[in-house]
Amino acid sequence: MRPTMILDDIEIIMLEDGSGPFFSPREEVFPATPEQWADADAFDPGARTEDGEWLLRFRCFALRRPNGRVVLVDAGIGPADAPSASWAPVPGRLPEELADAGIERDDVETVVLTHVHTDHIGWAVTGGTPYFRNARYLLQSADLPTFAFTGPLTATGQLDLLDGDARLAPGIEILATPGHTPGHQSVLVHDRLLVTGDLLVHALQLLHPTIEYAHEVDPALARTSRLAALGALGGDGILATPHLTEPFLRMPATSAL
Ligand SMILES: [Zn+2]
């Protein structure tokens, strides 16, 4: 069964583009204590390989609205020749995942790119053209200068730049959560479920939200965004994460938030 949640009139559907180990030792990218690693490994044992590597999932989430149209949050690692190919386990299988979930790519009316790292934009543009032909692509303008894939989206008039929070549709809001990248954004569904993007990338940052990650552009700002967003979501909140083992998580009571 495909992991899916239903919140009122919106269906949140997990789509896994791929999974694989990270390209550098995990101790090099998180400054965590042995106790914090033990917490994280107990909470998310699937995120550690037998060899002690960080094992990531690479996911997108589809939000199916009552009218059948779909908001896709993130665009995965992409096909074999995608920009992520130097480090991520391409080719991704998002096309098969969409088909399996009963989603036609032309039914995707909006693609929210949480940020422009290569493991989140893989299927945005393929072969020099937008993969989702009928979609508006939403990106924070602060992330625009950091990546060059947007040319084809600009050419077809499919790119919408945002500056801060925005209401996307009834029950679907975009929250600016900068720090991981200058224009990182997350998506809040009915005030109860947060599609996090890389607001947190490992259980370490859920249990100990002050822990930095080496690939955060502005770690202090990322920490501020993480604490604010998780705090606002509260104990009843649900997280939909791209990289942790479980696609949907309750806010853990043990979080040092
Ligand atoms: Zn990522």
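This text follows the structure it describes.
I will try to describe carefully the structure that is included in this document. Every value quoted in this text rests on a predicted model; they were computed, and no experiment measured them.

Focus on the pattern of salt bridges
Link 1 in the chain: Across all of its chains, the model carries 14 salt bridges by this definition.
Link 2 in the chain: Between Arg136 and Asp160 there is a salt bridge; the shortest N-O distance is 2.5 Å. With Arg136 in strand 8 (residues 136-140) and Asp160 in strand 9 (residues 159-162), this pair connects stretches of sequence that are 24 residues apart.

Some words on the coordination of the zinc ion
Link 1 in the chain: The coordination sphere of the zinc ion, as far as protein atoms go, consists of Asp119 (OD), His120 (NE2), Asp198 (OD) and His243 (NE2), spread over 2.1 to 2.5 Å.
Link 2 in the chain: Sequence spacing of the donor residues for the zinc ion, all on one chain, is D-H-x77-D-x44-H. Note that Asp119 is positioned in the loop between strand 5 (108-112) and strand 6 (125-126) and Asp198 in the loop between strand 13 (193-195) and helix 5 (203-207), a separation of 79 residues in sequence.

Digging into the pairing of strand 3 (residues 55-64)
Link 1 in the chain: Most of strand 3 sits inside the fold, with nine of its ten residues counted as buried.
Link 2 in the chain: In terms of strand pairing, strand 2 (residues 10-21) meets strand 3 through ten bridges, oriented antiparallel. Opposite Glu16, over in strand 3, you have Arg59 as the bridge partner.
Link 3 in the chain: In sequence, strand 3 turns back onto strand 4 (residues 70-73) through a hairpin of five residues, with Gly68 there showing a positive phi of about 85 degrees.

Rules and cut-offs
Residues numbered from 1 in each chain as written. Predicted model: local features only at pLDDT ≥ 70, side-chain atom pairs only at ≥ 80, totals over all residues. Heavy atoms only, no water. Salt bridge = Lys/Arg side-chain N within 4 Å of Asp/Glu carboxyl O. Helix = DSSP H or I, 4+ residues; strand = E, 2+ residues; numbered from the N terminus. Donors = N, O, S within 2.8 Å, 3.2 Å for Na, K, Ca; no water. Buried < 20%, exposed > 50% of the residue type's maximum accessible area, 1.4 Å probe, protein only. Pairing = 2+ DSSP bridges.

These figures come from the coordinates and say nothing about function on their own.
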